[in-house]
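Architecture and fold: a report
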Amino acid sequence: MITEAEPGEAWIIQPGGQASAYQFRGVPGVGGGQMPPDVVLGRV
Amino acid sequence: MSTVDLTGRVALVTGGAGGIGAAVVRRLARLGASVAVLDLDAAGAQRIASAAGGIAIAGDVTDPAVLPAVVAQVEKEFGRLDIVHLNAGIGGGQTGIDALDVARYRKLVGVNVDHVVYGLCAAVPALRRAGGGKIVITSSLAGLAAMPSDPLYTLTKHAVVGYVRAAGKALAADGIVVAALCPGFVDTLLLGAAKEEFVAMEFPLLTPSDIADAPRR
Ligand SMILES: NC(=O)c1ccc[n+]([C@@H]2O[C@H](COP(=O)([O-])OP(=O)(O)OC[C@H]3O[C@@H](n4cnc5c(N)ncnc54)[C@H](O)[C@@H]3O)[C@@H](O)[C@H]2O)c1
């Protein structure tokens, strides 16, 4: 894990198996298209 | 199984005196890293660190002054810091929905959430100085799925996953990988009295080394 993880991954580990990165679904963009911008909230 | 060589690398593991953290310390040492073990349990940290040829530091990860001081101590002792595993954590100990033990709740947030925020804040400048590195945080399956019997634990572990996803993207360009571990139930002291329920229903538990040594699928 320490050596194999990629940025932002969440690895699931359950009995009897190997670890795998959870696949997040993501959210739809506006009208299914444009994604919201990445901003700092609450900055004054 | 990975054949990675961490010789010359330096790692810090919080909550490394027992359970998952101790297995991570042993794994890092086996791969050649020098390891610092931070835990509230000074004697346990010393035992695990000594066996791994590392150093033990006693401290409470909920104290905002502790992780900066520990990172500075590790850099002073070993000259660098490359890998940080923020692993210390506790269970909710209550449902907290319609009756709340506030002190217990604040402690839960302190260990499971604040510690991660303080840990990244303290470690990232050191990892930049080392030219990059890895930060792994022990979340839980409760960071991805609901655990109705422990909603507050679920809250803290979801918070960690959200933080890892955002901080992971923010730090990727610096060569710093931030990732979360989300194990199912592991046979450690954290289970407390619930361990008997797992035994009674013959539910398979992970071992700490299953977490530390898990290969990627
Ligand atoms: N055991 C499980 O089923 C399980 C499942 C998924 C995730 N986790 C997570 O794994 C991590 C490790 O837990 P574990 O199961 O090995 O439990 P554990 O109780 O065996 O180990 C936790 C360690 O953290 C230390 N610690 C607790 N509070 C601290 C503080 N304020 N400052 C410094 N050290 C502190 C303890 O002394 C102990 O050594 C936790 O974050 C936990 O939430 C556990």
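Coordinates for the structure precede this section.
Reference entry: report on the structure contained in this document. (Residues numbered from 1 in each chain as written. Chains lettered and ligands numbered in written order. Predicted model: local features only at pLDDT ≥ 70, side-chain atom pairs only at ≥ 80, totals over all residues. Heavy atoms only, no water.)

Let's talk about the site of the ligand
Residue and element names in this part refer to chain B. Ile-20, Asp-39, Tyr-153, Val-186 and Thr-188 are the nearest of the 28 residues found near the ligand. At 2.8 Å, a backbone N or O of Asn-87 approaches an oxygen atom of the ligand. Burial of the ligand by the protein chains amounts to 91% of its free accessible area of 840 Å². If you list the elements that add at least two residues to the shell around the ligand, you get helix H1 (19-30) and helix H5 (151-171). (Near = heavy atom within 4 Å. Polar contact = N/O pair within 3.5 Å; in protein donor to acceptor, adjacent residues only side chain to side chain. Areas by Shrake-Rupley, 256 points an atom, 1.4 Å probe, with all protein chains shown as cover. Helix = DSSP H or I, 4+ residues; strand = E, 2+ residues; numbered from the N terminus.)

Considering the interface of chain B and chain A
At the interface, 32 residues of chain B touch 21 residues of chain A. Counting each side, the surface lost to burial between chain B and chain A is near 2,500 Å², with a carbon and sulfur contribution of 65%. The interface formed by chain B and chain A contains zero salt bridges. Inspection of the chain B/chain A interface yields seven residue pairs in polar contact (both at pLDDT 80 or more). Within the residue set of the side of chain B that touches chain A, elements represented by two or more residues are strand S4 (83-86), strand S5 (133-138), H5, strand S6 (176-183) and helix H7 (208-212) of chain B. Ranked by residues supplied to the side of chain B that touches chain A, first place goes to S6(B) with seven residues. Looking at the side of chain B that touches chain A residue by residue, the class counts come to 23 nonpolar, four polar and five charged. Both strand S1 (residues 10-13) of chain A and S6(B) contribute to a ladder of four bridges, which runs parallel. (Contact = heavy atoms within 4.5 Å. Buried area = accessible area lost by both parts, 1.4 Å probe. Salt bridge = Lys/Arg side-chain N within 4 Å of Asp/Glu carboxyl O. Nonpolar A, V, L, I, M, F, W, Y, C, P; charged D, E, K, R; others polar. Pairing = 2+ DSSP bridges.)

A word on the pattern of salt bridges
Residues and elements named next belong to chain B. The tally for this structure, following the rule as stated, stands at seven salt bridges over all chains. For Arg-27, the salt bridge identified is with Asp-213, shortest N-O distance 3.8 Å. Here Arg-27 is found in helix H1, whereas its partner Asp-213 is found in the segment after H7, with 186 residues between them in sequence. Like Arg-27, the residue Asp-213 is buried in the burial classification. Between Lys-195 and Asp-187 there is a salt bridge, with its nearest N and O atoms 3.1 Å apart. Overall, Lys-195 belongs to the partly exposed group, its relative accessible area being 31%. Overall, Asp-187 belongs to the partly exposed group, its relative accessible area being 35%. Connected through salt bridges with shared partners, the residues Arg-9, Arg-80 and Asp-82 form a single ionic network. (Buried < 20%, exposed > 50% of the residue type's maximum accessible area, 1.4 Å probe, protein only.)

Some points on the pairing of strand S1 (residues 10-14) of chain B
Residue and element names in this part refer to chain B. Among the five residues of S1, five are classified as buried, and the element is accordingly described as predominantly covered. Taking every second residue as pointing to the same face, both faces of S1 are buried, with Val-10, Leu-12 and Thr-14 on one and Ala-11 and Val-13 on the other. Where S1 lies against strand S2 (residues 34-39), five bridges are found, and the strand directions are parallel. If you follow Thr-14 over to S2, its bridge partner there is Leu-38.

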